[in-house]
Amino acid sequence: MLKKISLTVNGKLCSGEVESRTLLAHFLRDGLRLTGTHLGCVVGRCGACTVLWNGAPVKSCMVFAVQAAGDDIVTVEGLAQDKRLHPLQEAFWKNDAVECGYCTPGMLMSAYGLLDKRIKPTEKDIERAISGNLCRCTGYGNIVAAIKEAALNFTK
Amino acid sequence: MIMEFPITPPIGDRVKRKETLRFVTGTGHYVDDLLPPGTLHAAFVRSSCAHARIKGVAVEAARAMPGVHAVFTGEDIAHQVKPLRVGGSSLLRQIKLYPLAVDKVRYYGEPLAVVVADNRYLAEDAVEAVSVDYSPLPVVIDPEAAMEPGAPIVHEDVGSNIVYKYHFATDGIDKVFQDADVVVRERIRSHRIAACPIEPRAYLAHYNKEEDSLTMWSATANPHSLRGRIGDILDFPEGKIRVIAPDVGGSFGVKIQTYQEELLLPYLSRELGRPIKWCETRVEHMRNGRHGRDQIHTIEMALKKDGTMLGIKDKIIADMGSTYTVDHSIMAAALYMTGVYQIQNYAVDAFGISTNKTTHGSLRGIGKADASYVLERLVDIAARELKLDPIDIRMKNFIPPEAFPYRNATGALYDSGQYQLALKRTAAMAGYEQRRKEQAELRKRGIYRGIGVALVMEPTSSSRIHATGGYASCRLRIDPSGAVTVFSSMGEQGQGHETTIAQIVASQTGIPFDKITVIHGDTLPTPYGFGTGSSRSSVVLMPSAWVAGKLMRDKILGIAARQLGVAPEKLEIGDGKVFVRENHQQSIAVMEIVRTAYGAIHLLPENMEPGLEVTGYFVNPNIDYAPDAKGRMNTFSSYPYAAVIAVVDVDVETGMIKIVKYATVHDCGNMINPQIVDTQQQGSIMQGIGAALYEELRYDEDGQLLTSTFMDYRLPSVEEVPELALEHIVTPNPFTPLGAKGAGETGMLGPPPALCNAVEDALSPLGVKIRETPLTPDRILNLIEQAQATSHHA
């Protein structure tokens, strides 16, 4: 049976019809066609599908779309404002923190969840924040460097 | 051989990658992001047995379910398609591979039926409703048992599980062993692992009935070869097939081969007249993506007392899983067991064995990783036996720089190298001497610190007839608007070709880097070429871009020379102009040349064709396509390497290993973009650390895969990153115009031998010997326990 849900995604009110079992990740990708949120395992281990749910990073393959009804979601498409890259996106580019790009949206959203707390993060904080996000290409070093750099000039 | 390397910026610059912008904004397009109107979704019924006859597949209940459009079994399609061609040896050619298992299943998870439905959820529901009646057969999982007479046979058509054999021996090998002071022998196994790109495999086939044509979007690293294979099995004209590899989320070898599901989707789309999509789950990737490594080497080395290496004899048993289709992994090991050492006496017997495991295939460092792991372990074992320092024994036997190009015993032609320098510098970076002194102190305090040395070498740019080619190509066009486009024969899965190709073309033509667009992965506009593997891009593809750039430069200068009335040799390109080197005022705008080439062809030099479009090919110049009378040949074009020193602490209470420092010096020749090389090396090293310490595909005796999720198959996360010191030395490859060697795999080759050597060194006071990997805490604790039991008995 289909249920109608409405939620705010990247600042815009969106609605759609979903099954109870429809994952938030599938609703974002197939329902709203926001395909920046990627799927790498669908069991909550790789982190490629990470989005912000009411301000906190969550693996959107572990949430049913109906659970997020009425809530606030931010995806990677919501990071850049007025066509200007977010400092995290700039830093990922500059520090070569990306190869194939598949894990990148999840990495960015986990990092965004950390920096959005407005606390100056330590290297350990950064590692903890992205410890649930797997990257097979870069070996993580440049990703940590990028997040560190973005933390220095992060403004909301 | 001495070649000139006319390398000018932006070649060699750490240019920011073009492709990164779309990846950080979430606007890349991977196969799963595509959803043409009317798309249906496939899901597979997979074998729950490792080896069984299929007595029946009941699909009626599934066909009747809501949203289900079709269900096909292996039997339904066996007469509708041709089997996938299998090559490599006369034995392998007898194997037939169908998109869905027919009559019997040979490994756990093999696809045997497919459901097509309105969406993935409904397709998966219907898969649950299919019931399969199996008649189980005896299972063979251990490759050595599979070689025994009377073992269950995986492929009855072949009649034996030995599906591949290779023998090579130099004259007088036995005499060397008779005359040796010492012979060290060991049995060493490289364990089975999975590539695990974060994007699993994904395919979308769209048959267009009106045009009788097929478009296939595939997360493949090998679009042109895939196109031919789809044409073969469907008996469909290749000219009517277009394969597009859009953004591909990593490959590491696993996406270069063609898969059962990949060949089935085009058939389904043609039958049903709708686009059909299938995206692999992670569990399916573990069960069905090609596996890597898993070779058992029984190897011996003859030495003099002073550590001089005299000869190597090896027997390789390679577990190929159920339906092996190529022989690369065996050959890439068998030809290189003498590694970086001056050993001209060598013998090998290699066997490829079928078992009831998932099919084996390419995985970053295929065969080469097994070879370097086994050899670098054996060298350490020899050093311990002879009471030599592991650095000293290597230094004594390295091929010296002046011996290049160097032919090894099997005929492989190594391009260049400075092994002594690389290891010396690594030792300095790691503080080797000091750490040896500290080690003794730490041992007194009960801290088990070990230092492991390795020098790993990676044959790159495999060039074999009908398999991997020995060439690549780039077509370069400046269109009438002045837009510059390069069409590359190879796709990318994270390597940054859009950037490096543009750097090369910019360097050659003077056209600004920002104005150059690179198109890849689409068989319609791009020229033919083999897949992105064997670290081939920088060895053949980038030189083909260099050749295309040179052809374009010559054409532009030729047109300008006629218009300016000076010889082409006196001209330069820059700032959008062609100008006389000695008089910059005498110039013509590049756009004026473009207009001439397309619209004012009466002004072109005599016999010059109109337009500005050229194709550059580059052929590896140093490849043998047939062996000599003694069976020797060179099938790889360049030989990058890395020296590694790993320092570890082993906690003997918990079995945990901490990497205190990982120092490495890497040589891939000239670097087109050193930033890209650095990042790739870091990732490659982490993948190697995963293989050495955490990752293993394990089967039970019934052939069930026990490690099919990221819970039980553990990839390294950011928390496992060690203190890493990475430097490069540059010994150019004399066989390409750019002087570059491959750069993708060497990093991954280092950790398995270096970490095993380090851990064995750390635990040497306890007498621990490591012969099995990965070095998980439970394995370490078992080894310590065994060693203690042995010493108590002694």
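Residues numbered from 1 in each chain as written. Chains lettered and ligands numbered in written order. Predicted model: local features only at pLDDT ≥ 70, side-chain atom pairs only at ≥ 80, totals over all residues. Heavy atoms only, no water.

Draft legend 1. Seen up close, the pattern of salt bridges. Throughout the structure, instances matching the rule amount to 61 salt bridges over all chains. Its salt-bridge partner being Arg17 of chain B, residue Asp96 of chain A comes within 4.0 Å of it at the nearest N-O pair. Taken together, the residues Asp96 of chain A in the loop between α2 (87-94) and α3 (104-115) and Arg17 of chain B in the segment before α1 (20-24) connect one chain to another. An identical accessibility class is assigned to Asp96 of chain A and Arg17 of chain B; each is buried. In this structure, Glu760 of chain B engages Arg377 of chain B in a salt bridge whose closest nitrogen and oxygen atoms are separated by 2.8 Å. Of this pair, Glu760 of chain B sits in helix α20 (residues 751-762) while Arg377 of chain B sits in helix α11 (residues 368-386), and the two are 383 residues apart along the sequence. Taken as a pair, Glu760 of chain B and Arg377 of chain B share a single burial class, namely buried. (Salt bridge = Lys/Arg side-chain N within 4 Å of Asp/Glu carboxyl O. Helix = DSSP H or I, 4+ residues; strand = E, 2+ residues; numbered from the N terminus. Buried < 20%, exposed > 50% of the residue type's maximum accessible area, 1.4 Å probe, protein only.)

Draft legend 2. Expanded view of the sheet that holds strand β14 (residues 309-321) of chain B. Residues and elements named next belong to chain B. Sheet architecture is open: five strands sit in the order β7-β15-β14-β13-β8, paired in mixed fashion. A single partner strand is all that each edge strand has here, and the edge strands are β7 (162-169) and β8 (182-194). For this sheet, the mean angle separating the axes of adjacent strands, direction not counted, is 10°. As paired strands, strand β13 (residues 291-303) and β14 are joined by nine bridges and run antiparallel to one another. Note that in β14 the partner of Met301 across the bridge is Ile312. (Pairing = 2+ DSSP bridges. Axes fitted to C-alpha atoms, helices over the stretch in contact; angles between N-to-C directions.)

Draft legend 3. Spotlight on the layout of surface pockets. Here the second largest pocket is characterised by a volume of approximately 940 Å³. Taken together, 37 residues line the second largest pocket, and the ones lying closest to its centre are His26, Asp30 and Leu39 of chain A together with Arg120 and Tyr121 of chain B. Of all the elements in the fold, those that place two or more residues in the lining of the second largest pocket are β2 (12-19) and α1 (24-31) of chain A together with α4 (120-128), β12 (276-279) and α9 (282-288) of chain B. By residue number, the principal contributor to the lining of the second largest pocket is α1 of chain A, which donates five residues. (1 Å grid on protein atoms, 1.4 Å probe; cavity = no way out; pocket = protein on both sides within 12 Å on 5 of 7 lines; lining within 4 Å. Points joined across faces, edges and corners; volume = space filled by probe spheres on them.)

Draft legend 4. Local environment of empty space enclosed by the protein. Residue and element names in this part refer to chain B. Within the structure shown, the criterion is met by six cavities of 30 Å³ or more. Empty space within the largest cavity amounts to approximately 120 Å³. Broken down by secondary-structure element, the contributors of at least two residues to the lining of the largest cavity are β8, α11 and α18 (674-693). Among the residues forming the lining of the largest cavity, the class breakdown is seven nonpolar, three polar and two charged. (Nonpolar A, V, L, I, M, F, W, Y, C, P; charged D, E, K, R; others polar.)

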